[in-house]
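Tertiary structure, described
Chain residues, written in single-letter form:
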Amino acid sequence: MSLDAVKLGKDILAALNGSLTEKWPDVKDYGEAEAKKLAQTLVMIATLKATGKINKEQAELHLEMQKNATRMVLMTIEGLGVLSAEAAINSALSAVKDNVNTEIGFTLL
Amino acid sequence: MMSIDRRILGFGVFLVSVCLVVTLALSSCTVKLVSGYDETTDRAVTDLQRKTEAHLVTLESVEGLPECTYENHKQFYDEAKVDINVITVRAAAIPKNDITTQESQLLASQLDNLEKLHKIACLSKDQITLVRTHFNTSFTAILKLELAKRRGE
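Here the structure is a predicted model, which means the values were calculated and not measured.

Some thoughts on the overall build of chain B
Tallying secondary structure elements over chain B gives five helices and zero strands in all. Seen in sequence order, chain B has helices and strands lined up from the N terminus as α-α-α-α-α. Each of the 153 residues in chain B was classed as buried or not, and the buried ones make up 25%. A separation threshold of at least 6 residues defines the contact pool for chain B, and within that pool the share at least 24 residues apart is 77%.

Re the interface of chain A and chain B
On the chain B side, the residues contacting the 35 residues of chain A number 33 residues. Listed by contribution, the elements that provide at least two residues to the side of chain A that touches chain B are helix 1 (5-50) and helix 2 (56-104) of chain A. The element contributing the most residues to the side of chain A that touches chain B is helix 2 of chain A, with 25 residues. When the residues that make up the side of chain A that touches chain B are grouped by side-chain class, the tally is 18 nonpolar, eight polar and nine charged.

A closer look at the environment of A:Gln58
Along the chain, A:Gln58 falls in helix 2. Sequence-wise, A:Gln58 and A:Ala87 are 29 residues apart; in three dimensions their C-alpha atoms are separated by 44 Å. Other than its neighbours up to four places away in sequence, A:Gln58 contacts B:Leu117 and B:Ile120.

Things to note about the packing of helix 4 (residues 98-120) of chain B against helix 5 (residues 125-148) of chain B
Residues and elements named next belong to chain B. The interhelical angle for the contact between helix 4 and helix 5, taken along N-to-C directions, is 165°, at an axis separation of 10 Å. It follows that helix 4 is roughly antiparallel to helix 5 by the angle criterion. Relative to helix 5, helix 4 is oriented so that their crossing is left-handed. Residue-level contacts link Ile 99, Thr 100, Glu 103, Leu 106, Leu 107, Gln 110, Leu 114 and Leu 117 of helix 4 to Gln 127, Val 131, His 134, Phe 135, Ser 138, Ala 141, Ile 142, Leu 145 and Glu 146 of helix 5. Partitioning the contact of helix 4 with helix 5 into residue classes produces ten nonpolar, five polar and two charged.

Describing helix 5 of chain B
The terminal C-alpha atoms of helix 5 of chain B lie 34 Å apart, and with 24 residues this matches the ideal 34 Å at 1.5 Å per residue to within 8%. Where helix 5 of chain B is concerned, the buried positions are B:Gln127, B:Leu130, B:Val131, B:His134, B:Phe135, B:Thr137, B:Ser138, B:Phe139, B:Ala141, B:Ile142, B:Leu145 and B:Glu146.

Overview of helix 2 of chain A
With 49 residues, helix 2 of chain A should cover 72 Å at 1.5 Å per step; its first-to-last C-alpha distance of 71 Å lies within 8% of that length. Count one or two residues on from helix 2 of chain A and you reach A:Gly105, which has phi positive near 95°.

Notes on the nonpolar core
B:Ile84 and B:Ile142 are the most contacted members of the largest nonpolar core, which has 35 residues in total. Looking at this core, the elements with two or more residues in it are helix 1 and helix 2 of chain A together with helix 2 (39-61), helix 3 (74-93), helix 4 and helix 5 of chain B. In terms of residues, this core owes the most to one element, helix 2 of chain A, which gives nine residues. Beyond its immediate stretch of four places on either side in the chain, B:Ile142 contacts A:Met72, B:Val45, B:Thr100, B:Glu103 and B:Leu107.

Focus on unusual backbone geometry
If you check the backbone angles, B:Lys96 has positive phi at about 55° while not being a glycine. Residue class for B:Lys96 comes out partly exposed when judged on the 13 C-beta atoms lying within 10 Å of it.

A short note on the environment of A:Lys53
Looking at the secondary structure, you find A:Lys53 in the loop between helix 1 and helix 2. Judged by the 13 C-beta atoms lying within 10 Å of it, A:Lys53 is partly exposed. Sequence separation between A:Lys53 and A:Asn90 is 37 residues; the distance between their C-alpha atoms is 54 Å. Dropping the residues within four chain positions of it, A:Lys53 is found in contact with A:Leu48, B:Ser124 and B:Asp126.

A few points about the confidence of the model for chain B
Residues and elements named next belong to chain B. Averaged over all residues, the pLDDT of chain B equals 88, while 80% of them reach at least 70. For the stretch residues 17-21, pLDDT sits under 50, and the model shows zero contacts to residues farther than four places along the chain or on other chains. Here the predicted complex scores 0.81 on pTM and 0.81 on ipTM.

Some thoughts on the environment of B:Ser35
All names here are of chain B. Inspection of the secondary structure puts Ser 35 in the loop between helix 1 (2-27) and helix 2. Under the C-beta neighbour-count criterion, Ser 35 is labelled partly exposed, with 18 such atoms within 10 Å. Sequence separation between Ser 35 and Ile 99 is 64 residues; the distance between their C-alpha atoms is 9.9 Å. Excluding residues within four positions of it along the chain, Ser 35 makes contact with Ile 94, Pro 95, Lys 96, Asn 97 and Lys 149.

Reading the values: the criteria
Residues numbered from 1 in each chain as written. Chains lettered and ligands numbered in written order. Predicted model: local features only at pLDDT ≥ 70, side-chain atom pairs only at ≥ 80, totals over all residues. Helix = DSSP H or I, 4+ residues; strand = E, 2+ residues; numbered from the N terminus. Buried ≥ 20, exposed ≤ 12 C-beta atoms within 10 Å, placed from the backbone. Contact = placed C-beta atoms within 7 Å. Nonpolar A, V, L, I, M, F, W, Y, C, P; charged D, E, K, R; others polar. Axes fitted to C-alpha atoms, helices over the stretch in contact; angles between N-to-C directions. Parallel < 35°, antiparallel > 145°, perpendicular 65-115°, else oblique. Left-handed = near helix turned anticlockwise from the far one by under 90°. Expected span 1.5 Å × (residues − 1). Core = buried A, V, L, I, M, F, W, Y, C linked by C-beta atoms within 7 Å. pLDDT = per-residue confidence, 0-100.

Shown next, in the form of structure tokens:
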């Protein structure tokens, strides 16, 4: 029996990379799209205030809604990141399990 | 001498803890850092999104008319408060669901702010456009995370 630590390490790394990079494009696209929207609404709030179409109190409420929306986007990105990490960990664990059990010859893990 | 002993003991405890965690993780096969997908939350948030959009469409149709005032639309705010409270309480009851719980609380804050805006004055089409974007972003954030919890189901 010979467990190759170097190979095992490479298998784990491949599993980690695969899981993380698979989810990143979706998160990136989402983040970019929402950032663009938020920038546009910020400009609109400023314009409405500058042109007198909304007063100070209304502008502050819109800004507060803007901030809340931004917070929620960031929280979702954080959540997607945690889910990605979870998937990566489970992939790595799975890679370790299969190799270890094969080398040992029985189901240890 | 005493501090070195303490350090060695501390490191030993740390090492044993790491080994235990790894063993437990390996023996339990999978790790779960976030709660699973909750269909009830998905539906409730989607229903509230539909109600909110219907409210905004109504406000657009009565812009500048006497029916635009807050008093004529109080029922929406009262019902929405109940809906969001139900969503928040459920989210908080699910383990490892902190982010969704916090997002539900922020959504409640969005509704409060909309109500305050409406109490000040009828909303113009420009303001409704802004509010719609705020809410679309907010609802999308909650739903996107909830759907991602499906994990290939």
